[in-house]
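This is what each chain is made of:
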There are 2 protein chains.
Amino acid sequence: MEQQSPDLDGVGVRHRATIAEIARAADVSRQTVSNVLNAPHRVREETRRRVEQVIADTGYRPLKSAQSLRTRRSNLLAVGFQSPGAEPSPVLDVFLHALSTSAQTLGYQILLLTAGSDGAEIQAYTEAVVDYAVDGIVLTGTHTHDERIDWLRRQRLPFVTFGRPWGALGGHSWVDVDGAAGTRAATEHLARAGHTRIAFLGWPAGSGSGDDRLQGWKQACGRAGLPTRGLLRRSANTIEDGRKTCAAVLDQPRPPTAIVCVSDALAVGAWLEMRDRGLVPGRDVALIGFDDSTTASVIGLSSVAQPLPAVADACLDALRGQLGSEGPSSGRWRQVLLQPELVLRESG
Amino acid sequence: MEQQSPDLDGVGVRHRATIAEIARAADVSRQTVSNVLNAPHRVREETRRRVEQVIADTGYRPLKSAQSLRTRRSNLLAVGFQSPGAEPSPVLDVFLHALSTSAQTLGYQILLLTAGSDGAEIQAYTEAVVDYAVDGIVLTGTHTHDERIDWLRRQRLPFVTFGRPWGALGGHSWVDVDGAAGTRAATEHLARAGHTRIAFLGWPAGSGSGDDRLQGWKQACGRAGLPTRGLLRRSANTIEDGRKTCAAVLDQPRPPTAIVCVSDALAVGAWLEMRDRGLVPGRDVALIGFDDSTTASVIGLSSVAQPLPAVADACLDALRGQLGSEGPSSGRWRQVLLQPELVLRESG
DNA sequence: TTGAAAGCGCTAACAT
DNA sequence: ATGTTAGCGCTTTCAA
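Numbering of residues starts from 1 in every chain and runs along the sequence as written. Labels follow written order: the first chain is A, the first ligand is 1, and so on. It should be noted that, the model being predicted, local features are given only for residues of pLDDT at least 70 and side-chain atom pairs only at 80 or more, the latter also being counted only at that level, while totals for whole chains, interfaces and linings use all residues. For the side-chain quantities, the full set of heavy atoms in the structure was used; hydrogens and water were omitted.

Chain A is annotated in an unreviewed UniProt entry as LacI family DNA-binding transcriptional regulator from Acidiferrimicrobium australe.

See the structure below:
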């Protein structure tokens, strides 16, 4: 028969020691306890030791709501992400995990905000800032004319975007992956392998990252003296569109022997179209995607991988730069462009 | 040239109206303002109107840290999820999104906690509860002898698990998907299609949900008078293991004509193995997976889909049941088992 | 180096 | 139905 012991895990999570209790137990004032926590150098060695001992014994941790009420800082970071709707982004969940993990080691917690539109996302940020006094915001999936960025700047909130401010002025911190470098590496790899007609399946003009990745292909073709005319197809980002544009490009009089895609979604569509035609990707036609999704690894699709943990860390860095002083002063902005990595598999 | 207007969005996010200001502007006491917000029925119609008008004009929203300091509630829910490491779970990110979206409509925010082990997750919960006074916890990915559940129960924290408490007593709220029903439906579908030898690729014994899904296959075979001997293979949850166990089961003297898998990871492995052998899944051998991952939809793999938005809503329901009164009293536990849906594609 | 006092914004308890 | 008082736990003055 077990003993009646209300709490097996030390003091237990429900008991809250207050700063006053610590002070009493250590025979100092509350203020000294606060100093031990927030400005240890101001406390005499011996006193500090004694207080720290009591803190350790009781498992005392300051209550954030009280701290926040006083200091207006919450150690909370909001990250907004919009529903990909149908197909979940292969990028965001890995990024989220990395961000949350790194944030926790820095003493921050992640408030997860979801929205269905830019307007809704702004609304969510508003509530997070007004209600919870979040210290900073991580915005994902930037696009041209991004009203979210405008809003954040107007409000002078500390924020960083995963994605460059396409077409905007860029007066803020951002972290992005060099998409052009990724498609350039993919195209160069194919050129080295002897391909002379390399097609590109892209997104409609005007999406920043889509245009960026397109440039990489164009540049690599230019440098290698390869043609691009008639080898570019644009479509929305669905598997079905990938099939169709792949079919279109293969049905040309002079079809390409290799295809680079702006995304894995399109590449997977192309992959399916090839299979249906009895073509083996990598043997008959080379194929390289972008994002290194799980699906890509499953079907042996070569792809360009984004260094998401590094992106997450850079985002936190940028945010901390803004949080250090009072408010985002220009000059504290960090702009980081990370290099992706070409992951080669059977298809290319 | 634009006018110098510091804030275009109403009052702007940085200006905080306090309850005192609202009270002054509406010519009532602070308490009355508080009542308008928290107990409107106690306020005279006309007074309420006036106060509400001021609130609307100023865009006033109570500060959570102050509310929380007073009431010990934060309107914060913590959700813990461990890194899937290599292959991101096809389930968790969709679940997270659904959970966050529903939580926001209920006035809750999601604190995202990541951990690499059960111990680390408990540590993260501790900090979330002690520091941020989270109101409740959503735990994902239950397993047998789950120390996280034991800990949450000992601490008497409001919580709900996505996943049944396999092997434990079950004195808490949980939401789960009826895995056995899913594999049963899959197996019955195959039996109706004329298959008489249906194999199952499962996980090692002892994983609750794996055993559960296995049972569904066994039951369906039993009812249909189909054999199971020699048709079960167990392995870890990797694509490579799926390949191997699929190969093993196909190399038998009397191979199956259909295969049901405990997960899409294994099913994808089986799918690849079939293709390498020149077999067309769905034509030569039927194949059905579990989880309805993006990959499954891409490659035309039939699969069992979990109703994740419904799971998220049920989790929130269960949590709200516990938050209503002070503390989780027995009888307030909700246990919800939701039905999955068989999604048929080319492979089955 | 330490302590005392004040107050962040809100709501529960009590008084009117 | 409304107002008054007190205090949640912490940190920022300021004084000793």
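Caption draft 1: Spotlight on empty space enclosed by the protein. Grid points spaced at 1 Å and placed over the protein atoms alone form the basis of the search, with a cavity being a set where a 1.4 Å probe fits but cannot get out and a pocket an open set showing protein on both sides within 12 Å along at least five of seven lines. Lining residues have an atom within 4 Å of a point. Grid points are joined across faces, edges and corners, and a volume is the space filled by probe spheres set on the points. Applying the stated criterion to the full structure yields 1 cavity of 30 Å³ or more. As a volume, the largest cavity reaches approximately 150 Å³. In terms of lining residues, the largest cavity is bounded by 13 residues, among which Ser65 and Tyr132 of chain A together with Ser65, Leu76 and Tyr132 of chain B are the most central. Those elements that place two or more of their residues in the lining of the largest cavity are helix H4 (64–71) of chain A together with helix H4 (64–71) and helix H6 (118–132) of chain B. Here the residues of the lining of the largest cavity are counted per class, giving 4 nonpolar, 6 polar and 3 charged. Strands are runs of DSSP state E lasting at least two residues, helices are runs of H or I lasting at least four, and both sets are numbered from the N terminus onward. By the convention adopted, Pro, Cys, Tyr, Trp, Phe, Met, Ile, Leu, Val and Ala count as nonpolar, Lys, Arg, Asp and Glu as charged, and the other residues, Gly among them, as polar.

Caption draft 2: Molecular detail of the interface of chain B and chain A. Contact criterion: two residues are considered in contact whenever any of their non-hydrogen atoms come within 4.5 Å of each other. Listed per partner, the contact involves 58 residues of chain B and 58 residues of chain A. The term salt bridge refers to a side-chain nitrogen of Lys or Arg lying within 4 Å of a carboxyl oxygen of Asp or Glu. As a salt-bridge pair, Arg61 of chain B and Glu127 of chain A come within 3.8 Å of each other at their nearest N and O atoms. Throughout this description, a polar contact denotes any pair of N or O atoms lying within 3.5 Å of each other; where both atoms belong to protein, one of them has to be capable of donating a hydrogen while the other can accept it, and for residues adjacent in sequence the pair is counted only when both atoms sit in side chains. The interface formed by chain B and chain A holds 19 residue pairs in polar contact (both at pLDDT 80 or more) in total. Taken together, the residues of the side of chain B that touches chain A break down into 27 nonpolar, 18 polar and 13 charged. Where strand E2 (residues 109–115) of chain A meets strand E2 (residues 109–115) of chain B, 3 bridges bridge the pair, whose relative direction is antiparallel. Paired strands, in this sense, are two strands between which DSSP finds at least two bridges.

Caption draft 3: View of the protein's contact with DNA strand C. For each residue, the test is whether any non-hydrogen atom lies within 4 Å of the molecule or strand; if one does, the residue is near. In the vicinity of DNA strand C there are 26 residues, among which Ser29, Thr47 and Arg70 of chain A together with Ile19 and Tyr60 of chain B approach most closely. Within 4 Å of the protein, the contacting atoms of DNA strand C are 64% sugar and phosphate, with bases supplying the remainder. Interatomic distance of 2.4 Å between a side-chain N/O atom of Thr47 of chain A and a phosphate oxygen of DNA strand C. In this structure, a phosphate oxygen belonging to DNA strand C sits 3.1 Å away from a side-chain N or O atom of Asn38 of chain B. Per-element accounting of the surface near DNA strand C gives the leading share, 5 residues, to H4 of chain B. Among the residues forming the surface near DNA strand C, the class breakdown is 9 nonpolar, 10 polar and 7 charged.

Caption draft 4: Focus on the protein's contact with DNA strand D. Contacts to DNA strand D come from 25 residues, most closely from Ile19, Gln31 and Tyr60 of chain A together with Thr47 and Arg70 of chain B. For DNA strand D, the backbone makes up 61% of the atoms found within 4 Å of the protein, where backbone means sugar plus phosphate. With respect to DNA strand D, the backbone of Ala66 of chain A contributes an N or O atom lying 3.5 Å from a base nitrogen. Note that a base nitrogen of DNA strand D is positioned 3.2 Å from one of the side-chain N or O atoms of Arg30 of chain B. Listing elements by their share of the surface near DNA strand D, those giving two or more residues are helix H2 (30–38) and H4 of chain A together with helix H2 (30–38) and H4 of chain B. Taken together, the residues of the surface near DNA strand D sort by class into 8 nonpolar, 10 polar and 7 charged.

Caption draft 5: Region of interest: the confidence of the model for chain A. Each residue carries a pLDDT score, the predictor's own confidence in it, on a scale running from 0 to 100. Overall, the predicted model of chain A reaches an average pLDDT of 90, with 92% of residues at or above 70. The low-confidence segment residues 1–10 of chain A, where pLDDT is below 50, has 6 contacts with residues more than four positions distant or belonging to other chains.

Caption draft 6: Expanded view of the domain arrangement of chain A. Start and end positions for the domains come from either an automated domain assignment or a database one. Along its sequence, chain A is organised into domain 1 (19–62), domain 2 (72–177 + 308–339) and domain 3 (179–305). One C-alpha centre belongs to domain 1 of chain A, the other to domain 2 of chain A; they are set 35 Å apart.

Caption draft 7: Representation of the packing of aromatic side chains. The rule is short: rings of Phe, Tyr and Trp, with Trp giving its six-membered ring, pair when the centres are within 6.5 Å, and they are stacked under 30 degrees, edge-to-face over 60, tilted in between. All told, the structure shown has 5 aromatic pairs over all chains when counted by the stated rule. With 6.4 Å between their ring centres and 40° between their planes, Trp271 of chain A and Trp271 of chain B make a pair best called tilted. Of this pair, Trp271 of chain A sits in helix H11 (residues 264–276) while Trp271 of chain B sits in helix H11 (residues 264–276), on two different chains. With respect to burial, Trp271 of chain A and Trp271 of chain B carry one shared label: buried. Summarising the aromatic geometry, the rings of Phe200 of chain B and Trp217 of chain B are spaced 5.5 Å apart at their centres and angled 25° between planes, so their arrangement reads as stacked. Taken together, the residues Phe200 of chain B in strand E6 (residues 198–202) and Trp217 of chain B in helix H9 (residues 208–224) connect sequence positions 17 residues apart. Accessibility here uses a 1.4 Å probe with only protein chains present; expressed as a share of the type maximum, an area under 20% marks a residue as buried, one over 50% as exposed, and anything in between as partly exposed. Take Phe200 of chain B: its relative accessible area is 0%, and that puts it in the buried class. Either the NZ atom of lysine or the CZ atom of arginine qualifies as a charge over a ring when it sits within 6 Å of the ring centre and within 35 degrees of the ring normal. Just above the ring of Phe290 of chain A sits the side chain of Arg213 of chain A; from NZ or CZ to the centre is 3.7 Å.

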